[in-house]
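Architecture and fold: a report
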Amino acid sequence: MLKLINKKNNIVLILITIITNYIFFVIPFFELIIKINFILFIFFSIFYLIIYEKNKFLIIFIIALIFINLGLLTESWDARSIWLFKSKQIFFENTILFSKNNYAQFSHPDYPNIAPAFSAALAKLVGHWNEIFPKLGFSLMFIPALILLSKYFDGNKFLILLSLTIFVIGKYFVNGELDGLISVYFVVSALIIHKMNFNQNNIRSDEFLYLGFAVILTLLKLEGLVLLLCLIITSVFYMLVNKKTNYRLMILFFISLLPIIMWNLYCFYYDINNANTNYAYSLEGLLSSIYIFKNFTLITEYLIFNEKFLLSLIFFVFSVSYYKEKKLFNFVFLVISLYIGALFIVYLSTPLEIEWHLNSSANRVIKPISLLLFTFGIYNIFNKNIN
């Protein structure tokens, strides 16, 4: 039976175990199934790395991630008081639906929680909770995305990409926050969508990969939904420009959005939210700050002049200008423009002091498109050799 599992099917199975873990935590009676499901995640991950993975750099990196993660305390507010706190709640409540009680609103109970559910499953498998090892669950979720990147970029190309990924993400591989996961899952989703847009002969072989990565991306954080919408809007724009509507791809886009739509409907029905009105974004806030020129200069300084974003932008522009890949440039440019436009709207409508808000979050939210630029720069340079 294992002989029937090829590379893509193996990656899909790893993604399925992450998603089914989330589903099993809907009903608080599946503890044994949750443990078995997590064992399957470990099995399929190790199976792929032993049987298919030729790039030893990836195996060494994953092992290093595990040891580094277990040796670090959880220090940041978001990691400790939002994501691991959610994991702890899921572990003891045995369900992701504890949010309907709207308990501990400081922890944003309306945030999607697929990563905390996966972390809680690891704790279930171990048999108890502590403040160290559950954080490892977040790092283990990098495995399917890193495997696919290794498949697309083999040999030294992957080592270059991995080095740039570490440069962009850094501590977010192991610190218990989800911005690293958002970045990597977004980039993988972008690669798959780009391939389906411009290489439609292979669309069916990639559609399950897309659904797996896209669903998880939207259920990580709100930024994941925004990033996926940027990819979808870009794809639909290309269909309209080329006057070629790919209805199969449109259906895939719709299906990938269903889980996060269901989660938001659930939160709306039970009025799950952050009750602190200081965090309430509003149209009035946007209209009152849009005429203040200083706000635009501050946002530009923190986002556009971020050193990692600038370096990735220079790298991408150089690769495109040298290899003259116009379609790829247009695809990436539109995605980035949409996302940066969304960030400008968010920061202009923030109820918080704008510079404080930028200083505390801009460095994190710009990471996905910095990694996108580096990745597609390498993709452009080596695209003749990428599967």
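Before reading further, recall that the structure is shown in the block above.
From a predicted model like this one, the values you see are computed outputs, not experimental measurements. (Residues numbered from 1 in each chain as written. Predicted model: local features only at pLDDT ≥ 70, side-chain atom pairs only at ≥ 80, totals over all residues. Heavy atoms only, no water.)

Re the overall build of the chain
Each helix and strand in the chain was counted, giving 18 helices and zero strands. A compact globule built from 387 residues should have a C-alpha radius of gyration of about 21 Å, and the chain, at 20 Å, falls within 12% of that. Principal-axis analysis of the C-alpha atoms places the extent of the chain at approximately 60 × 55 × 40 Å. Within the chain, residue pairs in contact and separated by at least 24 positions form 81% of the contacts whose partners lie at least 6 positions apart. When the accessible surface of the chain is split by element, carbon and sulfur atoms take 68% of a total near 18000 Å². Across the chain, 29 positive and 20 negative side-chain charges occur, with their mean positions spaced 13 Å apart. (Helix = DSSP H or I, 4+ residues; strand = E, 2+ residues; numbered from the N terminus. Rg over C-alpha atoms; globule rule 2.2 N^0.38 Å. Contact = heavy atoms within 4.5 Å. Areas by Shrake-Rupley, 256 points an atom, 1.4 Å probe, with all protein chains shown as cover. Lys, Arg positive; Asp, Glu negative; His and termini not counted. Charge placed at Lys NZ, Arg CZ, Asp CG, Glu CD.)

A few points about the pattern of salt bridges
A full pass over the atoms with the stated rule returns eleven salt bridges. For the salt bridge of Lys-195 with Asp-206, the shortest nitrogen-to-oxygen distance reads 3.5 Å. Of this pair, Lys-195 sits in helix H9 (residues 179-198) while Asp-206 sits in helix H10 (residues 203-218), placing them eleven residues apart in sequence. Taking relative accessible area as the criterion, Asp-206 reaches 0% and is therefore assigned buried. It is possible to trace a salt-bridge network through shared partners that takes in Asp-78, Asp-179, Lys-221, Glu-223 and Arg-364. (Salt bridge = Lys/Arg side-chain N within 4 Å of Asp/Glu carboxyl O. Buried < 20%, exposed > 50% of the residue type's maximum accessible area, 1.4 Å probe, protein only.)

Side note on the side chain of Lys-221
Inspection of the secondary structure puts Lys-221 in the loop between H10 and helix H11 (222-242). Since its relative accessible area comes to 7%, Lys-221 is described here as buried. What Lys-221 contacts, discounting residues up to four positions off in sequence, is Trp-83, Pro-112, Leu-178, Asp-179, Ile-182 and Arg-364.

Concerning the environment of Ser-289
Its place among the elements puts Ser-289 in helix H13 (residues 283-289). Spatially, the C-alpha atom of Ser-289 lies 30 Å from that of Phe-186, the residues being 103 residues apart in sequence. Once residues within four sequence positions are removed from consideration, Ser-289 is found in contact with Asn-295, Leu-348 and Ser-349.

Observations regarding unusual backbone geometry
In this model, Lys-243 sits at a positive phi of 55 degrees, which is unusual for a non-glycine residue. If you trace the backbone, Lys-243 turns up in the loop between H11 and helix H12 (247-269). Here the phi dihedral of Asp-271 falls at roughly 55 degrees; this positive angle occurs in a residue that is not glycine. Within the secondary structure, Asp-271 sits in the loop between H12 and H13.

Regarding the packing of H11 against helix H16 (residues 326-348)
Geometrically, a packed helix pair is captured by the angle between its two axes and the distance between the axes. Two elements in contact, H11 and H16, have axes separated by 9 Å at closest approach and are oriented at 135 degrees. Judged on the interaxial angle alone, H16 and H11 are oblique. You can see that H11 and H16 cross each other, and the crossing is right-handed. Residues Glu-223, Val-226, Leu-227, Cys-230, Leu-231, Ile-233, Thr-234, Phe-237 and Tyr-238 of H11 lie in contact with H16, whose contacting residues are Lys-327, Asn-330, Phe-331, Leu-334, Val-335, Leu-338, Tyr-339 and Ala-342. The class makeup of the residues in the contact of H11 with H16 is 13 nonpolar, two polar and two charged. (Axes fitted to C-alpha atoms, helices over the stretch in contact; angles between N-to-C directions. Parallel < 35°, antiparallel > 145°, perpendicular 65-115°, else oblique. Left-handed = near helix turned anticlockwise from the far one by under 90°. Nonpolar A, V, L, I, M, F, W, Y, C, P; charged D, E, K, R; others polar.)

Structural notes on the nonpolar core
Membership of the largest hydrophobic core comes to 131 residues, with the highest contact counts inside it found for Tyr-185, Tyr-210, Phe-213 and Phe-376. Discounting chain neighbours no more than four positions away, the residues touching Phe-213 are Ile-11, Leu-15, Pro-144, Ala-145, Leu-148, Tyr-185, Val-188, Ser-189 and Ile-192. (Core = buried A, V, L, I, M, F, W, Y, C linked by side-chain atoms within 4.5 Å.)

Looking at the packing of aromatic side chains
A full pass over the atoms with the stated rule returns 31 aromatic pairs. Between Phe-38 and Phe-41, the aromatic rings sit 5.7 Å apart at their centres with planes inclined by 50 degrees, giving tilted as the arrangement. Of the two residues, Phe-38 and Phe-41 both sit in helix H2 (residues 31-51), three residues apart, roughly one turn of that helix. Taken as a pair, Phe-38 and Phe-41 share a single burial class, namely buried. Geometrically, the ring pair formed by Phe-376 and Tyr-379 is tilted, given 5.7 Å between the ring centres and 45 degrees between the ring planes. Of this pair, Phe-376 and Tyr-379 both sit in helix H18 (residues 367-381), separated by three residues, roughly a single helical turn. We classify Phe-376 as buried; its relative accessible area is 0%. You can call Tyr-379 buried: its relative accessible area is 15%. Taken together, the ring pairs connect Phe-43, Phe-44, Phe-47, Tyr-48 and Tyr-52 into an aromatic cluster. A cation over an aromatic ring shows up here: Lys-124 above the ring of Phe-91, its NZ or CZ 4.7 Å from the ring centre. A cation over an aromatic ring shows up here: Lys-308 above the ring of Phe-167, its NZ or CZ 5.3 Å from the ring centre. (Phe/Tyr/Trp six-rings, centres within 6.5 Å; stacked < 30°, edge-to-face > 60°. Lys NZ or Arg CZ within 6 Å of the ring centre and 35° of its normal.)

Remember that the coordinates give geometry; whether it matters functionally is a separate question.
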